[in-house]
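# Structural features, examined
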Amino acid sequence: VPPGRWHKAVVSTQSTGWNHGLFGCCDDFGTCIISWFVPCVTFGQNAEAAGVSSCIMGAIIFFVPLLNLFCWVKIRGAIREKYSIEGSLINDLFAICCCGLCASSRRHSSARTAPEPPWPE
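These numbers were taken from a predicted model, which means no experiment stands behind them.

### Some remarks on the packing of helix H1 (residues 29-37) against helix H2 (residues 39-50)
Helix packing geometry: the angle between the two helix axes and the distance between the axes. One way to put it is that H1 packs onto H2 with a least axis distance of 5 Å and a crossing angle of 110 degrees. Viewed along their axes, H1 and H2 adopt a mutual orientation that is roughly perpendicular. Contact residues: H1 offers Thr31, Ile34, Ser35, Trp36 and Phe37, while H2 offers Pro39, Val41 and Thr42. Considered class by class, the residues forming the contact of H1 with H2 number five nonpolar, three polar and no charged.

### As for a nonpolar patch on the surface
Judged by side-chain polarity, Phe29, Ile33, Ile34, Trp36, Phe37, Val38 and Val41 come together as a nonpolar surface patch covering roughly 670 Å² of accessible area. A per-element tally of the nonpolar patch places H1 first, with five residues. Inspection of the secondary structure puts Ile34 in helix H1. With relative accessibility at 39%, the residue Ile34 sits in the partly exposed group.

### Examining the packing of aromatic side chains
Centre distance and the angle of the planes are the two values used to describe a pair of aromatic rings. Tallied over the full model, the rule gives four aromatic pairs. Relative to Trp72, the ring of Phe43 lies with its centre 5.6 Å away and its plane at 80 degrees, an arrangement referred to as edge-to-face. Taken together, the positions of Phe43 in helix H2 and Trp72 in helix H4 (residues 67-82) put the pair 29 residues apart, joining distant regions of the chain. The same class applies to Phe43 and to Trp72, which are both buried. Seen from their ring centres, Phe62 and Phe63 are 5.3 Å apart, and the 85 degrees between their planes marks the pair as edge-to-face. Phe62 sits in the buried class, given a relative accessible area of 15%.

Conventions we followed
- Residues numbered from 1 in each chain as written.
- Predicted model: local features only at pLDDT ≥ 70, side-chain atom pairs only at ≥ 80, totals over all residues.
- Heavy atoms only, no water.
- Axes fitted to C-alpha atoms, helices over the stretch in contact; angles between N-to-C directions.
- Helix = DSSP H or I, 4+ residues; strand = E, 2+ residues; numbered from the N terminus.
- Parallel < 35°, antiparallel > 145°, perpendicular 65-115°, else oblique.
- Contact = heavy atoms within 4.5 Å.
- Nonpolar A, V, L, I, M, F, W, Y, C, P; charged D, E, K, R; others polar.
- Patch = residues over 30% accessible without salt bridge, like charges linked within 9 Å, V, L, I, M, F, W, Y side chains within 5 Å.
- Areas by Shrake-Rupley, 256 points an atom, 1.4 Å probe, with all protein chains shown as cover.
- Salt bridge = Lys/Arg side-chain N within 4 Å of Asp/Glu carboxyl O.
- Buried < 20%, exposed > 50% of the residue type's maximum accessible area, 1.4 Å probe, protein only.
- Phe/Tyr/Trp six-rings, centres within 6.5 Å; stacked < 30°, edge-to-face > 60°.

Quick look at the structure:
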């Protein structure tokens, strides 16, 4: 590169964060509506995508107190691991307690927009 000239370096980096922010649940409006009005559906789809349970069983688990919290954390951890997303159990609990439906919507949207979607579109 000649002196005094700027050049651009192309650097390939892999994102290690969620594709959507915690309160970016409306980025995918369809998922947002389903998550807020029929949250058991998104919960079940996330459970199936993460390999935690089937979609139907996940939807049923959504209505069982404490078991649903355990599965929420397990689903979130499995999706983070599958897509190499940074985070921790504490961050997962914080996201679920602050706004579980936003977190569920974000997991669903992030999994759908990942390079290898876990289900056909």
